[in-house]
Amino acid sequence: MRRSKLFSDRLVILIAYTFLGLFGIMCLYPLILTLSVSLSAEKEIVKSGYSVIPQDFTFNTYLYIFVNSGKRILRSYGVTIFITMVGTLGAMLVTSMIAFALSIKTLRYRNFIAFICNFTIVFSAGLIPWYVVCVNYYGLKNNILALILPSIFSVWNMFLMRTYFSSISPSLYEAAKIDGASYLRIYWRIAIPLSKTAILTVGLMYALQYWNDWWYALIFINNKELFPLQYYLYTILSNVNAISSGRIPSGAAAGITLPAETVKMAVTIITIGPVIFLYPIVQKYFVQGIMTGAVKE
Amino acid sequence: MKSKNSHNFGQTIKIDRKKDFVKELKRNRGLYLMCLPALIVLIMFCYIPFTGTWMAFTDFNVVDGIFGSPFVGLDNFKYFFSTSSMGWKVTYNTLFINFCGIILGLIIPISIAVFFNEIQSKVFKKLTQSFMFFPYFLSWVVVGAIIYGFFSSDVGVINNLLRSFGLEPIKWYAEPKYWKGIIIFASMWKWSGYSSIIYMAAMASFDGALYEAAEVDGANKLQRILFLTLPMLKPTAVVLTLMSVGRIFYGDFGMIYGIVGNNPVLSDAVTVIDTYVYQTMRTLGFSYATAIGLFQSLMGLILVTIANRSAKKYNDGEGLF
């Protein structure tokens, strides 16, 4: 009896390690593959296909990219960094202010304002009316603001922040108010410094959203000067997709030079770049933020 | 006399309310001003576009504008469900991909969380968790590039594998039948690490004494998983599932376009309502595309309401929103 119990426990542990190990590898493997192809020689890849170990290790692809389309990529990098920084800062300001206001229980119309926010999650006008309004009234076609403004306020992130602000004891605010502080001052001097985890988590979510966005560019931007990094990668890949589907006759395809395999993967790595470097530092806080946020909800 | 009295009474309340309203705005002026930027964004990008939904009932042309174009009633909606359009097909694709995503989104993240709970090695935990969480940080375009690395006919990993077993390589990007599966798998790959964290957060609040008591009573690990952990995870699972059910009519535009692009060979299999709206906007006109979007929003509204009701029933009055 005792032995069989031990055996079943061991089996559970064995399965747990195997499952998690395999899943972990499944998540990591594609990245290593991408990295190693980008560091391989093009000739080897064409001959023997993709492989996890760099074949004929070389930095030539990266050199090639920066010599040939370095300007393009740097420009797109600039666009992405600009929208990520401005967008995240703006979004944090807009979101944290309303989240703070709605966390104050003496604010009489806070439920009504929360309803205005909630309704937009539940019901929307759809893509086309939104697009028409953005292009015709706000002039967002080929405008860098199109990559920033539409996603500057997320109702989900606002509610996440509100739960944090609500957990701050109101007596702290009362004391500050007796000393004559305005709500704006309380927000800036007390609420924000006390919610570092929330600020960090939500800030990262916005930053990630801006860094990874290419949909707004697909819809609003034709001007190559304003292509963000992700959209630049998308245009490279979608050419490849169309040709490898066999739809374009080989005669027509001959005129278009496909980017080499190694180039595609190198551009992918360049696109992920900063995320790879920041990930180890950022991950811990992110997990912490999501966990505390989820528990409080 | 009596009625006049009560009428007066009602009026004073009204005036008081108006005064109250102004007073409240003045008293908390700072706080209301802090709400203003967010509200302006919502009005600009969510509420003003509602006026444009009128296009769904017209045959829109640029010259006459939104409200001057000829009224056609429900014709646009009728066309969507007629046999000559892709209406049923894209609705089916959307529901099928999302339904499979919901099922996998339950099984895999819960398994990950439960298994993490059972293992001891801290190093292993940290390492595998950071691997699993990483895909969440990648954009769909990058995921698309990775998928290309696996399924490219000439150099892809899968065809290499097939060749090494002596099998015939497959032209993946010309075969629509595989792509629903590939997309569902990709979505699972990207989100599982993230969702498992939410389940782990729920687990962190479990009472350790329960587990000790079960151990004393002679329950083995499997029994503890089946009769303690899983039942205690159920509320979280129900809420998360209801949330995704509420959004089952919404396809992930970024996912489909990031992975497949506008490859017309595959579009029959993977076009969802959202990508269809984008495509028809350019081919069949704004009115028709608006009608599809409106149909999607209405279905979404109905489902969210149902999901919210069920959540309230299940959670003793606490809904999703």
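Residues numbered from 1 in each chain as written. Chains lettered and ligands numbered in written order. Predicted model: local features only at pLDDT ≥ 70, side-chain atom pairs only at ≥ 80, totals over all residues. Heavy atoms only, no water.

Within chain A one finds 13 helices and 0 strands. Here chain A holds 297 residues, and 53% of them are scored as buried. On chain A, roughly 14200 Å² of surface is accessible, and the fraction owed to carbon and sulfur atoms is 67%. (Helix = DSSP H or I, 4+ residues; strand = E, 2+ residues; numbered from the N terminus. Buried < 20%, exposed > 50% of the residue type's maximum accessible area, 1.4 Å probe, protein only. Areas by Shrake-Rupley, 256 points an atom, 1.4 Å probe, with all protein chains shown as cover.)

Once that is clear, we can look at the confidence of the model for chain A. Residues and elements named next belong to chain A. Looking at chain A as a whole, the pLDDT averages 84, with 90% of positions reaching at least 70. Looking at the elements of chain A, mean pLDDT is at its lowest for helix α12 (residues 250–255), recorded as 48, and at its highest for helix α10 (residues 215–220), recorded as 92. In this model residues 250–256 is a low-confidence stretch, pLDDT under 50, and it forms 3 contacts with partners more than four residues away in sequence or in other chains. (pLDDT = per-residue confidence, 0-100. Contact = heavy atoms within 4.5 Å.)

Attention now moves to a nonpolar patch on the surface. Together, F7(A), L11(A), L14(A) and I15(A) line one region of the surface with nonpolar side chains, adding up to about 400 Å² of accessible area. One can find L14(A) in helix α1 (residues 2–38). (Patch = residues over 30% accessible without salt bridge, like charges linked within 9 Å, V, L, I, M, F, W, Y side chains within 5 Å. Salt bridge = Lys/Arg side-chain N within 4 Å of Asp/Glu carboxyl O.)

Now for the interface of chain B and chain A. If you look at the interface, chain B gives 100 residues, while chain A gives 102 residues. On inspection of chain B and its partner chain A, the count reaches 1 salt bridge. For D20(B), the salt bridge goes to R108(A), with nearest N and O atoms at 3.9 Å. Taken together, chain B and chain A are joined by 14 residue pairs in polar contact (both at pLDDT 80 or more). Top contributing element to the side of chain B that touches chain A by residue count: helix α2 (residues 29–47) of chain B, with 13 residues. For the side of chain B that touches chain A, a count of residues per class yields 72 nonpolar, 22 polar and 6 charged. (Polar contact = N/O pair within 3.5 Å; in protein donor to acceptor, adjacent residues only side chain to side chain. Nonpolar A, V, L, I, M, F, W, Y, C, P; charged D, E, K, R; others polar.)

Moving on to the packing of helix α4 (residues 110–122) of chain A against helix α6 (residues 155–166) of chain A. Residues and elements named next belong to chain A. Running from N to C, α4 and α6 point in directions that differ by 135°, and their axes come no closer than 10 Å. The angle between α4 and α6 places the two elements in the oblique class. Residues A114, C117, N118, T120 and I121 of α4 lie in contact with α6, whose contacting residues are V155, W156, M158, F159 and R162. By residue class, the composition of the contact of α4 with α6 is 7 nonpolar, 2 polar and 1 charged. (Axes fitted to C-alpha atoms, helices over the stretch in contact; angles between N-to-C directions. Parallel < 35°, antiparallel > 145°, perpendicular 65-115°, else oblique.)

A separate point is the packing of helix α3 (residues 60–103) of chain A against α4(A). All names here are of chain A. Interhelical geometry of α3 versus α4 gives an angle of 140° and a closest axis separation of 9 Å. Between α3 and α4, the angle falls in the class oblique. Relative to α4, α3 is oriented so that their crossing is left-handed. Mapping the contact onto sequence places I98, L102 and S103 in α3 and R110, I113, A114 and C117 in α4. Classifying every residue of the contact of α3 with α4 gives 5 nonpolar, 1 polar and 1 charged. (Left-handed = near helix turned anticlockwise from the far one by under 90°.)

As a further point, take the environment of A260(A). Residues and elements named next belong to chain A. Tracing the backbone through its elements, the reader meets A260 in the loop between α12 and α13 (261–296). For A260, a relative accessible area of 26% gives the class partly exposed. With 199 residues separating them in the primary sequence, A260 and T61 have C-alpha atoms 9.3 Å apart.

As a further point, take helix α8 (residues 157–164) of chain B. All of the buried residues in α8(B) are V157(B), N159(B) and L162(B). Phi turns positive, to about 80°, at G166(B), one or two residues after α8(B).

Residues and elements named next belong to chain A. For T61, the position within the fold is in helix α3. A residue is classified by how much of its surface remains accessible, and T61, at 7% relative accessible area, is buried. The contacts of T61, once residues within four sequence positions are left out, are S38, S40, T262, V263 and A266.

Attention shifts here to unusual backbone geometry. All names here are of chain A. A positive phi angle, close to 55°, is found at N142, a residue other than glycine. Structurally, N142 can be placed in the loop between α5 (127–137) and α6. Taking the relative accessible area as the measure of exposure, N142 reaches 31% and is therefore partly exposed.

On to the nonpolar core. Within the largest apolar cluster, 191 residues are counted, with the highest numbers of intra-cluster contacts made by I98(A), F100(A), F153(A), F220(A), F133(B) and W179(B). Looking at this core, the element that brings in the most residues is α3(A), giving 15 residues. Here this core spans two domains, and each of domain 1 (2–54) and domain 2 (76–314) of chain B adds at least three residues to it. Here W179(B) is in contact with I147(B), W172(B), Y173(B), I259(B), V260(B), L266(B) and V270(B), once residues within four sequence places are set aside. (Core = buried A, V, L, I, M, F, W, Y, C linked by side-chain atoms within 4.5 Å. Domains from an automatic or database assignment.)

Looking now at the confidence of the model for chain B. Residue and element names in this part refer to chain B. For chain B, the mean per-residue pLDDT works out to 85, and 94% of the residues sit at or above 70. Ranking the elements of chain B by mean pLDDT puts helix α1 (residues 2–27) last with 68 and α2 first with 93. For the stretch residues 1–6, pLDDT sits under 50, and the model shows 0 contacts to residues farther than four places along the chain or on other chains. Model confidence for the complex is summarised by a pTM of 0.86, with the ipTM given as 0.85.

Our next topic: the domain arrangement of chain B. Each domain of chain B was delimited in the assignment, giving domain 1 (2–54) and domain 2 (76–314). Taking only C-alpha atoms into account, the centre of domain 1 of chain B sits 41 Å from that of domain 2 of chain B.

Under the definition given, this model contains 6 salt bridges over all chains. Residue K89(B) pairs with D268(B) through a salt bridge whose shortest N-O separation is 3.5 Å. With a gap of 179 residues between them, K89(B) in helix α5 (residues 87–118) and D268(B) in helix α13 (residues 267–270) connect regions that are remote in the sequence. In this structure D268(B) comes out as partly exposed when scored by relative accessible area, which is 38%. Measuring nitrogen to oxygen at the nearest pair gives 3.1 Å for the salt bridge that ties K221(B) to E118(B). Of this pair, K221(B) sits in helix α11 (residues 221–246) while E118(B) sits in helix α5, and the two are 103 residues apart along the sequence. Judged by its relative accessible area of 11%, K221(B) is buried. Among the charged side chains, a salt-bridge network with shared partners connects R72(A), R75(A) and E225(A).

Turning our eyes to something else, we now look at a positive patch on the surface. Taken together, the side chains of K284(A), K122(B), K125(B) and K126(B) present a region of like positive charge at the surface. No other element matches the 3 residues that helix α6 (residues 122–133) of chain B contributes to the positive patch. Assignment of secondary structure puts K125(B) in helix α6. With relative accessibility at 30%, the residue K125(B) sits in the partly exposed group. (Lys, Arg positive; Asp, Glu negative; His and termini not counted. Charge placed at Lys NZ, Arg CZ, Asp CG, Glu CD.)

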